Every structure is written in C-alpha cells, then in structure tokens.
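Below are the chains, spelled out letter by letter.
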Amino acid sequence: MAEQRAAPLRLGTVAPNFQSETTKGPIDLHEYIGDKWLVFFSHPEDYTPVCTTELGEMARLEPDFAKRGVKLLGLSANTVESHEGWASDIKEISGNTLNFPIVADKERKVAYLYDMLDYQDTTNVDEKGIAFTIRSVFIIDPRKTIRTILSYPASTGRNANEILRIVDSLQTGDKHKVTTPVNWVPGDDVIVHPSVKNEQAKELFPDFRIVKPYLRFTPLPKDKITPA
Ligand code: BEZ
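Bear in mind that the values here come from a model prediction, so they are computed numbers and not experimental data.

The rules we used
- Residues numbered from 1 in each chain as written.
- Predicted model: local features only at pLDDT ≥ 70, side-chain atom pairs only at ≥ 80, totals over all residues.
- Heavy atoms only, no water.
- Axes fitted to C-alpha atoms, helices over the stretch in contact; angles between N-to-C directions.
- Helix = DSSP H or I, 4+ residues; strand = E, 2+ residues; numbered from the N terminus.
- Parallel < 35°, antiparallel > 145°, perpendicular 65-115°, else oblique.
- Left-handed = near helix turned anticlockwise from the far one by under 90°.
- Contact = heavy atoms within 4.5 Å.
- Nonpolar A, V, L, I, M, F, W, Y, C, P; charged D, E, K, R; others polar.
- Salt bridge = Lys/Arg side-chain N within 4 Å of Asp/Glu carboxyl O.
- Buried < 20%, exposed > 50% of the residue type's maximum accessible area, 1.4 Å probe, protein only.
- Near = heavy atom within 4 Å.
- Polar contact = N/O pair within 3.5 Å; in protein donor to acceptor, adjacent residues only side chain to side chain.
- Areas by Shrake-Rupley, 256 points an atom, 1.4 Å probe, with all protein chains shown as cover.

Q: Even after reading the chapter, I still don't get the packing of helix H2 (residues 49-67) against helix H5 (residues 160-176), so can you show me in this structure?
A: When two helices pack together, you describe them by how their axes are tilted relative to each other and by the distance separating the axes. Orientation of H2 relative to H5, taken along the N-to-C sense of each, is 25 degrees, at an axis distance of 10 Å. The orientation of H2 relative to H5 falls into the category roughly parallel. In this structure, the crossing between H2 and H5 has a hand that is right-handed. Taking contact as the criterion, the partners of Glu-57, Met-58, Leu-61, Asp-64 and Phe-65 in H2 are, on H5, Ala-160, Asn-161, Ile-163 and Leu-164. When its residues are assigned to classes, the contact of H2 with H5 shows six nonpolar, one polar and two charged.

In structure tokens form, the structure reads like this:
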C-alpha cells in the first residue's frame, strides 16, 4: 500500500520536516535549515552519470551558495556507504569535495514525501531498480517555506547557475519589493512590484520608468544588488 503523504507540496507551503541518515550524520531538516536558505536536490541512484556531473558542479559552487546564506542538501536513493564511494569518484572526476550532506534515502521515503517520484508509490522502479526519476530541486527559505520546485528528466543535467540565479531573484525580491524580468541577472533592471503605487515607487526607486501602468522598471543601486 502506498505511504500516506500530507497535502500536495506547493510553492508557499511549509517544507515537510523529516529526520534521516546522511553522509554527515543524522539530520532533522528544519534544524539543518536553521536561519539559512536551503537548496535541496535529489538523485534516483548513486553512480548515475548525469547526476555525477551535477553533484561535482554543486560542490564547486557551494561557496557561491554560502555567500548568499544558502545551505546545500543532496539526496540519493541509496545508503550512506554507497554515497561515500560515489563522493570519492565525484572528487576524482570533478576535483570538488562534497562538503554538504547527502541524504541516504534507500527506501525512497523522503523522495515520496517530497513527491519527487514520477509514479505514485516507492515501488515503481524500472527493470534495473532505478526509481523514476527523483530529480527535483526545492529552494526553501529561512521560514521553511517552499519557494521554488523544479523537476528534471534523467536525460538533462541541471543548470547550477540557474539555481543560483533563482536564489538571487528571490532574495532581491524579498528585500526590495521588486520582481525580476525574463533572463534577469544581478545588475540588470528589475520590475517594481505591482503592490507598490507610483507615489511610493518614486521614493523607493527615484529612477523608475513606466513602460505600461502594469510594467515599471527600475535600476537597483549597487548596494541593493544580491549577492552583495
Ligand atoms: C543519470 O545519468 O544521472 C541518470 C540515469 C538514469 C536515471 C536517472 C539519472
């Protein structure tokens, strides 16, 4: 019988807490997040080729995430012992050490809790026993609220810089009552949040410009750009 899962996960809901073994010892998710942001990303199995490249890149970029107050947490549907062997391959291949924990989710309970599986219960695996697909990314804020959910097919390596870019957009938006337009990167003009009236916008963003009443752009002063 399928395990029970609470309400479906949506942007804006609280990330379900869980306790698990990881490569850095047992963790409680909410305690691990503490007052930081979290990027929680998952893999269906150890020693899978695309995932190997992704983990190496996340390890390389960890200092960039840390600079933004973001912790990393990986998950793969295998044991701590297996993760440790894989981590040493990743270090050999990419030159990068995995300094963040990888959840040991051999039974796919956390993957199921987070709705990371393609199918409806944890037994749906392919002929080689690999669960489809457990290739998700959750960005969770310090209030433990889910702010982004991404799902990737097995064929397509994730873009780690895009994950950083989303963090930059969320953090900039939270701080300055702005949103970010298509293909935005830090330093580009941002959009004044629709809830900000023109009068207030004049005070907050002296150089804002109105393209349409519903589309108002502004540069952000250098000291307001995330990451600082
Ligand atoms: C991978 O290459 O990472 C991969 C292969 C099969 C299933 C899922 C991921």
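Q: What's the story with the pattern of salt bridges in this structure? I'm lost.
A: For the coordinates displayed, the defined rule picks out ten salt bridges. We note a salt bridge from Glu-107 to Lys-109, for which the minimum N-O separation is 3.2 Å. Classification of Glu-107 as exposed rests on a relative accessible area of 54%. Note that Asp-189 and Arg-209 form a salt bridge whose closest N and O atoms lie 2.9 Å from each other. Of this pair, Asp-189 sits in the loop between strand S8 (178-179) and strand S9 (190-192) while Arg-209 is found in strand S10 (residues 209-212), placing the two residues 20 residues apart along the sequence. For Arg-209, a relative accessible area of 40% gives the class partly exposed. Through salt bridges with shared partners, one network takes in Glu-54, Arg-135 and Arg-158.

Q: Is there a simple way to think about the site of the ligand in this case?
A: Around the ligand, the neighbouring residues are Pro-44, Thr-48, Pro-49, Val-50, Cys-51 and Ala-154. Within the backbone of Val-50, a nitrogen or oxygen atom sits 2.7 Å from an oxygen atom of the ligand. Alone, the ligand offers 260 Å² of accessible surface; in the complex the protein occludes 81% of this. Here the shell around the ligand is composed, by residue class, of five nonpolar, one polar and no charged.

Q: When you look at the environment of Tyr-32 in this model, what are you seeing that I'm missing?
A: Position of Tyr-32 among the secondary structure elements: in helix H1 (residues 29-33). Once the C-alpha coordinates of Tyr-32 and Leu-73 are considered, the two residues, 41 residues apart in sequence, prove to be 9.2 Å apart. Those residues in contact with Tyr-32 that sit more than four places away from it in its chain are Ile-27, Leu-38, Lys-71, Leu-72, Leu-73, Phe-100 and Pro-101.

Everything listed is a geometric property; what it means functionally is a separate question.
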